[in-house]
Amino acid sequence: MPAIDLPELPAALAFARSGKNFVLTSHINCDGDGVAGCLALQTILRSLGKEARVILPDPPNLQYNFLAGWEGIETAAAQAPERKAEHLIVLDCPSLTRIGVIKEYVDEGTRVLVLDHHQDSQPFGHVNLTTTKASSSSELVYHLGAALGYQLTPAVAEQLYMGILFDTGGFRYALTTPVTLEVGAQLVRAGARLDFVADRLFNNQSLPVLKLLGRALESLQLYCGDRVAVVHLSHADLDGGIGHVDVVNYGLMVQSVEISVALKEQTPGQYRVSLRSRERIDVRAIAAVFDGGGHTRAAGCRLEGSTDKVRAQLLAEIAKHL
Ligand SMILES: [Mn+2]
């Protein structure tokens, strides 16, 4: 059985076994790893006779709607819930501030378990199953489930496989380890359909989103001696409910580019910034300057101002890291 060193695994097992009612959640703007990991862990806990609800701070991207259990996902209401959580499990979230309105479910009686693999992860739980050696939170759920003696079903194997595929970009990014590949193999043995999941995850755009990607590529410009690519989508581009389009990775397709930046104007004058790098450059350190975070090769932050100002601020910081 593939395994990694997780010092708090015994405490996490005790947490799972001793609790009765669980709330599972992830960070705001939850990604494929968080959604898939929550759904898999929900089934694992239910197999132990526990009550487990997946309650996310905001509605997840419809891109993952092929996952088993999708229709049971709840979104937190803005107002305080009737009942606080007894046992809260937070997946894929480096700090308590990033659970958004889920904080309303926490009081002094709430026991918190954190499963996370971010470099800047803060141990904010009573128990913290955190390591940078796991590809994804879904991989951590695999290890936790295996240690609990859970027998994988095809549906859960497929959820975990999708979470891992999402975070590793199809087993391509550096956070993929030999253990990640072994876990992937176990999940396929247990019934995850690898071609189906890859197709649903990566060939799952609407025509408007694909056209938006075209506009993003059209905006691509190179800076710093062609070593930095910047794409930009204005609020007008993003308006109309299109919301999610993953454009930042395309900048790295340009041979000379070492850092790719995507600027998405979520609301007028407010930018969500994504950063990606090839080997060598730590974009998390760049994002951290602007109160963001993430991983060495993939990070993000938020900035305010005009496009020119935001771009200039970022390029000034990036230049220090080239
Ligand atoms: Mn993750």
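In this numbering scheme, every chain counts its residues from 1 along its sequence in written order. Local features in this predicted model are restricted to residues whose pLDDT is 70 or higher, and side-chain atom pairs enter the listing and the counts only when it is 80 or higher, whereas totals over whole chains, interfaces and linings include all residues.

Secondary structure elements are defined from DSSP: runs of H or I of at least 4 residues count as helices, runs of E of at least 2 residues count as strands, and each element is numbered from the N terminus. Counting its secondary structure elements, the protein chain contains 11 helices and 12 strands. Overall, the protein chain is about 55 × 45 × 35 Å in size when its C-alpha atoms are taken along their principal axes.

For helix α2 (residues 32-47), with 16 residues, the first-to-last C-alpha span of 23 Å sits near the 22 Å given by 1.5 Å per residue. Exposure in this text rests on C-beta crowding, where 20 or more other C-beta atoms within 10 Å of a residue's own make it buried, 12 or fewer make it exposed, and counts in between make it partly exposed. The C-beta atoms are placed from the backbone. Taken across its 16 residues, α2 has 13 buried, putting it largely inside the fold. Gly49 lies just past α2 and shows a positive phi near 85°. A helix is expected to span 1.5 Å for every residue after the first.

What follows concerns the domain arrangement of the protein chain. Residue ranges for the domains trace back to a domain assignment, done automatically or taken from a database. Per the domain assignment, the segments making up the protein chain are domain 1 (9-202) and domain 2 (207-319). Just the C-alpha atoms count here: the centres of domain 1 and domain 2 sit 27 Å apart. By definition, residue pairs are in contact when their C-beta atoms, positioned from the backbone, come within 7 Å. Domain 1 puts eight residues into the contact, and the matching count from domain 2 is seven residues. Ten residue types, Ala, Val, Leu, Ile, Met, Phe, Trp, Tyr, Cys and Pro, are classed as nonpolar, four, Asp, Glu, Lys and Arg, as charged, and the remainder, Gly among them, as polar. When grouped by side-chain class, the residues that make up the side of domain 1 that touches domain 2 number four nonpolar, three polar and one charged.

Another aspect to go through is the packing of helix α4 (residues 154-168) against helix α6 (residues 194-202). The N-to-C vectors of α4 and α6 enclose an angle of 50°; their axes lie 10 Å apart at closest approach. Relative to α6, the element α4 is oriented oblique. Crossing angle aside, the handedness with which α4 passes α6 is right-handed. When α4 is examined against α6, the residues Glu158, Tyr161, Met162, Leu165 and Phe166 are found in contact with a partner set consisting of Leu194, Val197, Ala198 and Leu201. Interaxial angle, 0 to 180 degrees, is taken between N-to-C directions of lines fitted to C-alpha atoms, where a helix line uses only the stretch in contact. Here roughly perpendicular refers to angles of 65 to 115 degrees, roughly parallel to angles under 35, roughly antiparallel to angles over 145, and oblique to all remaining angles. With the far helix as reference, a near helix turned anticlockwise by less than a right angle produces a left-handed crossing, and one turned clockwise produces a right-handed crossing.

Now for the sheet that holds strand β1 (residues 21-26). Pairs of strands are assigned from DSSP output, requiring at least two bridges between the strands. As summarised here, the arrangement of the six strands in space is β3-β2-β1-β4-β5-β6, forming an open sheet in which the pairing is parallel. With one partner strand each, in any of the chains shown, β3 (74-75) and β6 (127-130) form the two edges of the open sheet. Pairing between strand β5 (residues 111-116) and β6: four bridges, direction parallel. Its bridge partner lying in β6, Leu113 is registered against Val127.

All right, on to helix α11 (residues 307-319) then. For α11, spanning 13 residues, the distance from its first C-alpha to its last is 18 Å, which sits close to the expected 18 Å at 1.5 Å a residue. Within α11 the residues assigned to the buried category are Val310, Arg311, Leu314 and Ile318. All buried residues of α11 project into a common sector of 95° when viewed along the axis, lining one side. In this structure, α11 carries Asp308, Ala316 and Ala319 as exposed residues pointing more than 90 degrees from its buried face. Along its buried surface, α11 packs onto β8 (228-233), β9 (259-267), β10 (270-277), α10 (283-289) and β12 (298-304). The directions considered for the arc run from the helix axis to the C-beta atoms.

For the rest of this paragraph, the subject is the environment of Asp107. On the secondary structure map, Asp107 appears in the loop between β4 (87-91) and β5. We classify Asp107 as exposed; it has 9 C-beta atoms within 10 Å. The sequence separation of Asp107 and Pro94 amounts to 13 residues, and the corresponding C-alpha distance is 19 Å.

Read from one edge to the other, the open sheet built from six strands follows the order β7-β8-β9-β10-β12-β11, with strand pairing classed as mixed. Edge strands, defined here as strands with exactly one partner in the open sheet, are β7 (221-223) and β11 (293-294). Bridging between β7 and β8 involves three bridges; their strand directions are antiparallel. Of the residues in β8, the one forming a bridge with Tyr223 is Val228. Contacting β7, β8, β9, β10 and β12, α11 runs over the sheet at an angle of about 150° to β9.

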